Amino acid sequence: MKKKTSVLALFLVLLIAVTGCGGGAGNAGTTEAASTSEGSGSSGKSGDGKIVIGFSQTVMNHPFRIANVDTAKKAAADLGVEIIVTDGQGDANKEIANIESLIARNVDALIVSSLSGNAIYPAYKEAERAGIPLIIAASGVPDDDSIPYTTFVASDEVTMGQQAAKYIADKMGQKGNLVILNGVVESTNSQLRTQGFMPEIQKYPDIKIVAEQSGEWLRLPAMQVMTNILQANSKIDFVFAQNDEMALGAIEAIKKANRMSEIKVVSMDSQKEALEKIKNTDELMMTVKNEWSFETAVKLAIDAANGKEIQKRVILDSPVIDKSNVDNFYDPNSTF
Amino acid sequence: METIQKARTLLKQEETLLLLFIVIVTLISPIFSPEFFTSYNFSNLLRQISYPAIVSIGMLLTVLIGGIDLSVGSVMQAVSLTAIMLVQLQAPTGVIVIVVLALGLFLGLMNGMLITFGKLQPFIVTLGTKVIIDGTTLFMTKGKGISGDASDSFLSIGGGYMGAIPNPVIIMLVLYIIGFILLNKTIFGRQIYSVGSNRVAAYNSGINVKKVQLSVYALSGLFAAIAGLLIASRTGAYQPMSGNSGATGMELSAIAAVVVGGASLSGGKGTIWGAFLGALLAGLLFNLLVFLNMNPYIQQFILGIIILAAVIFSASKNRK
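Residues numbered from 1 in each chain as written. Chains lettered and ligands numbered in written order. Predicted model: local features only at pLDDT ≥ 70, side-chain atom pairs only at ≥ 80, totals over all residues. Heavy atoms only, no water.

> Would you explain the packing of aromatic side chains in this entry?
For any pair of aromatic rings, the description rests on two quantities: the centre-to-centre distance and the angle between the ring planes. All names here are of chain B. Taken as a whole and assessed by the stated rule, the structure comprises eight aromatic pairs over all chains. Between Phe36 and Phe42, the aromatic rings sit 5.7 Å apart at their centres with planes inclined by 75°, giving edge-to-face as the arrangement. Judged by its relative accessible area of 0%, Phe36 falls in the buried class. Taken together, a centroid distance of 5.2 Å and an interplanar angle of 70° make the contact between Tyr176 and Phe276 edge-to-face. With a gap of 100 residues between them, Tyr176 in helix α8 (residues 167-185) and Phe276 in helix α13 (residues 272-291) connect regions that are remote in the sequence. (Phe/Tyr/Trp six-rings, centres within 6.5 Å; stacked < 30°, edge-to-face > 60°. Buried < 20%, exposed > 50% of the residue type's maximum accessible area, 1.4 Å probe, protein only. Helix = DSSP H or I, 4+ residues; strand = E, 2+ residues; numbered from the N terminus.)

If you want it as structure tokens, here you go:
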């Protein structure tokens, strides 16, 4: 008997311990808003009048996705609203279950970042039925008109590609030899970035694309493919990588070949390591900002919760970042 | 005196303690979040647990005969994919249901035949079939999700309601009643327990052990297929899962449910009632954590602790 009671007690202690530190158990310092309202049984806007936002994140094991969550939490704390974050673990059914729970929790607005394609739509419909505004952020936008959502907020990948092309053409003096490192060929982001980049760069007949290969978004494959390209081409002026990881790999390959002085590297995504390279070395020339911060999404969610009219599509700025303005973007504490 | 005695035996069972724990958790939850106690949330919670709970019935059967079925999540995936492919071909709903349930039975039966006639370990066989099925579904879809223009009758299987209760919940309850009768009121049920407790004795007493084993794995495939069909018809789309998450993690949810519910992985011990409570507890915690605004990473930690606690409790009882 005694043992059973102690096991039961262990369960209870565990539960109480866990509920006691709920919300605050996140990143200390960034979830104050979440933890202060904890335990007061805040329900939506009732009680202390605080807005509660639900954020269903698709996965939480990738730096970009973690940065989404951290910035959302920080924005919520700064703006004095509570935010509840759930992790879909890459599974459409978990995501749906999470969104249902958030609806049941009666949140004032929902932010959803999903990679589940059509499978997530029943949850979107359920949010509409419950009358909860839906902000789709950094994920696919429904192509079906019958799917309800309040607003869609993300960077425009095509524009990002155009900007990179313009920058490169300008710095090359509209002529020279260019190497392109694409992402995973079948990925939507890679296709959209190419769709923006290629027509723009083809306006300059004197810019010759001497190699176009896939670096699979990753550092090591990019380094290997760049090594081969370097051996095959004695004259390269510029390398354009579709993300920073691949640019960092390409730089390693170029350094090994001792050709860093003749080749300029340009990329996209603006992750911290790339910004450090731009700031402290001459190895990476420029990267295009890919907005990983969820501050705008949180602000839109608050506006929607307050019943304000908001735009159906919000395109985030994606400026080019090079030595001239890197200090405005570099944050040593950023997670991405 | 007799009632006290009865109450004592009852209290010694994992199932009772589990139920007690669930009741306590449910009762104290509204203190933290009043919205927890709403009919919307309860129907939502029951629907969320219906898929793993249904799979757990089949898992319980395999565990009861001392086996295991690691392929259930993959069977669900294969079934979802087949259902949506048939939707794209505009097959009638009745045909889709029959085809996918047959597919589940067939895949389960394959497991059973390999284990029985190949005299192989269930763990390795079902791990192998799991990987084969995963590879096949990924190959067929090239890793991309598919969706079709599903008919309303198809979507209503998993997405519809009977009164205020979601269909998957009704189906789950019916299957549990069937499972209860099967295990407790039929000869087949008694045979399952005998095979699990002592295979040799079961064989010597004239039980067709091979037949029991084949039926159990076929049924496990069938229950997984029902869950897969419900998910496909809920979403009207098929989404391949990468890595170890998703329906491919269903085997772990189901094993956890039956073990937390008091079943022994060495066979012969466990109840259907416990499997249900195990699935309910996992779903309840998962749901509750949203209401408590808890860090998502902690959810898995807590579930792990509960599984371990259940096993420790069960082991300490058996040593007495």
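> So what exactly am I meant to see when it comes to the pattern of salt bridges here?
Opposite charge on two side chains allows them to pair when their charged atoms are near. A full pass over the atoms with the stated rule returns 23 salt bridges over all chains. Here Arg259(A) and Glu262(A) are joined by a salt bridge, their closest N and O atoms 3.7 Å apart. Residue Glu262(A) is classed as partly exposed on the basis of its relative accessible area of 40%. Between Lys130(B) and Asp134(B) there is a salt bridge, with the nearest N and O atoms lying 3.6 Å from each other. Here the residue Lys130(B) and the residue Asp134(B) both occupy positions in helix α6 (residues 122-141), the gap between them amounting to four residues, near one helical turn. In this structure Lys130(B) comes out as buried when scored by relative accessible area, which is 10%. (Salt bridge = Lys/Arg side-chain N within 4 Å of Asp/Glu carboxyl O.)

> What am I meant to see in the UniProt feature "transmembrane region" (unreviewed entry) in chain B here?
UniProt marks residues 16-37, 49-72, 93-117, 161-183, 214-233, 245-265, 272-291 and 297-315 of chain B with the feature "transmembrane region" (unreviewed entry), using the numbering shown here. Counted over residues 93-117 of chain B, helix gives 100% and strand 0%. Its end C-alpha atoms are 35 Å apart. (UniProt positions renumbered as here; feature names shortened; annotations may be inferred.)

> Honestly, the domain arrangement of chain A in this entry has me stumped. Any pointers?
The figure often quoted for interface size is the accessible area lost as the parts come together. Residue and element names in this part refer to chain A. In terms of domains, chain A is made up of domain 1 (36-155 + 292-317) and domain 2 (158-290 + 322-328). Computed over C-alpha atoms only, the centres of domain 1 and domain 2 are separated by 34 Å. Each side of the interface is counted separately: domain 1 has four residues, and domain 2 has five residues. Area buried by domain 1 at its contact with domain 2 is led by Phe64, Ser155 and Trp292, which between them contribute 86% of it. Summed over the shared surface of domain 1 and domain 2, the result is zero salt bridges. The tally of links between domain 1 and domain 2 comes to two residue pairs in polar contact (both at pLDDT 80 or more). For the side of domain 1 that touches domain 2, the per-class residue count stands at two nonpolar, one polar and one charged. (Domains from an automatic or database assignment. Contact = heavy atoms within 4.5 Å. Buried area = accessible area lost by both parts, 1.4 Å probe. Polar contact = N/O pair within 3.5 Å; in protein donor to acceptor, adjacent residues only side chain to side chain. Nonpolar A, V, L, I, M, F, W, Y, C, P; charged D, E, K, R; others polar.)

> Sorry if this is basic, but what is going on with the sheet that holds strand β1 (residues 52-57) of chain A here?
Pairing between the strands of a sheet comes from backbone hydrogen bonds, and it takes one of two forms, parallel or antiparallel. Residues and elements named next belong to chain A. Spatial strand order, β2-β1-β3-β4-β5-β11: six strands in an open sheet with parallel pairing. Whereas interior strands pair on both sides, the edge strands pair on one side only; in this sheet they are β2 (82-87) and β11 (313-316). Neighbour-to-neighbour, the strand axes of this sheet turn through a mean angle of 20°, independent of strand direction. In terms of strand pairing, strand β4 (residues 134-137) meets strand β5 (residues 151-155) through three bridges, oriented parallel. Across the sheet, residue Ile136 finds its bridge partner in β5, namely Phe152. Along the sheet face, helix α3 (residues 63-79) touches β1, β2 and β3 (109-113) and points at about 175° away from the line of β1. (Pairing = 2+ DSSP bridges. Axes fitted to C-alpha atoms, helices over the stretch in contact; angles between N-to-C directions.)

> Help me understand helix α6 (residues 157-172) of chain A, please; the structure alone is not making it clear to me.
Residues that lie three or four places apart on an α-helix share one face, since the helix turns once every 3.6 residues. Residue and element names in this part refer to chain A. The first and last C-alpha atoms of α6 sit 23 Å apart over 16 residues, in line with the 22 Å expected at 1.5 Å per residue. The N-terminus of α6 is capped by Asp156, whose side-chain oxygen sits 3.0 Å from the backbone nitrogen of Val158. Looking one or two places after α6, you find Gly173, whose phi comes out positive at around 65°. (Expected span 1.5 Å × (residues − 1).)

> How do you make sense of the side chain of Ser190(A) when you look at a structure like this?
By the secondary structure assignment, Ser190(A) is in helix α7 (residues 188-201). Not counting residues within four places of it along the chain, the set of residues in contact with Ser190(A) comprises Asn182(A), Gly183(A), Val184(A), Trp217(A) and Gln242(A).

> Explain the sheet that holds strand β10 (residues 284-289) of chain A to me, please; I cannot follow it from the model alone.
Residues and elements named next belong to chain A. With respect to topology, six strands assemble into an open sheet ordered β7-β6-β8-β9-β10-β12, the strand pairing being mixed. With one partner strand each, in any of the chains shown, β7 (207-214) and β12 (320-322) form the two edges of the open sheet. When the angles between neighbouring strand axes are averaged without regard to direction, this sheet yields 20°. Where strand β8 (residues 238-241) and strand β9 (residues 264-269) come together, three bridges link them in parallel fashion. Residue pairing across strands places Phe238 opposite Lys264, the latter belonging to β9. On the sheet, α6 packs against β6 (176-182), β7, β8, β9, β10 and β12 and is oriented at approximately 155° with respect to β10. Packing of α7 onto the sheet brings it into contact with β6, β7, β8 and β9, and relative to β6 it is tilted by some 165°.

> What is the right way to look at the confidence of the model for chain B in this model?
A low pLDDT means the predicted coordinates there should not be read in detail. Residue and element names in this part refer to chain B. Per-chain confidence: chain B averages 88 in pLDDT, with 95% of residues scoring 70 or above. The least confident element of chain B, judged by mean pLDDT, is helix α1 (residues 2-11) at 72; the most confident is helix α5 (residues 93-117) at 97. In the predicted structure, residues 242-246 sits below a pLDDT of 50 and forms seven contacts with residues beyond four places in sequence or in another chain. Here the predicted complex carries an ipTM of 0.74, next to a pTM of 0.74. (pLDDT = per-residue confidence, 0-100.)

> What should I look at first to understand α6(B) in this one?
Residues and elements named next belong to chain B. For α6, with 20 residues, the first-to-last C-alpha span of 28 Å sits near the 28 Å given by 1.5 Å per residue. Along α6, the positions that sit buried rather than exposed are Pro122, Val125, Thr126, Thr129, Lys130, Ile133, Asp134, Thr137 and Thr141. Buried residues of α6, viewed axially, fall in a sector of 165°; they line one side. Away from its buried face by more than 90 degrees, α6 exposes Ile124, Val131, Ile132 and Phe139. Tucked inside the fold, the buried residues of α6 contact α4 (72-88), α5, α11 (209-235), β4 (237-238) and α12 (250-260). (Arc of directions from axis to C-beta.)

> In this structure, what is going on with the nonpolar core? I would like to understand it.
Nonpolar side chains in soluble globular proteins tend to end up buried together. Formed by 91 residues in total, the largest nonpolar core has its most connected members in Phe154(B) and Ile192(B). With residues up to four places along the chain from it excluded, the contact list for Ile192(B) reads Leu61(B), Leu64(B), Ile65(B), Leu183(B), Val212(B) and Val216(B). One finds Ala222(A), Met226(A), Ile236(A) and Tyr330(A) within the second-largest nonpolar core, a separate group that totals 29 residues. (Core = buried A, V, L, I, M, F, W, Y, C linked by side-chain atoms within 4.5 Å.)

> Before we go on, may I ask you to explain the pairing of β10(A) in this structure?
Regular strands have side chains that alternate between both faces of the sheet. Residues and elements named next belong to chain A. Across the six residues that make up β10, a large majority, five, are buried. Of the pairings in the sheet, the one linking β9 to β10 comprises five bridges and is parallel in character. In the sheet register, Ser267 faces β10, and the bridge partner there is Thr287. With helix α10 (residues 272-280) bridging β9 and its parallel neighbour β10, the resulting β-α-β unit is right-handed. As paired elements, β10 and β12 share three bridges and run antiparallel to each other. Residue pairing across strands places Met286 opposite Asp322, the latter belonging to β12. (Right-handed = clockwise from strand over helix to strand, strands pointing away.)

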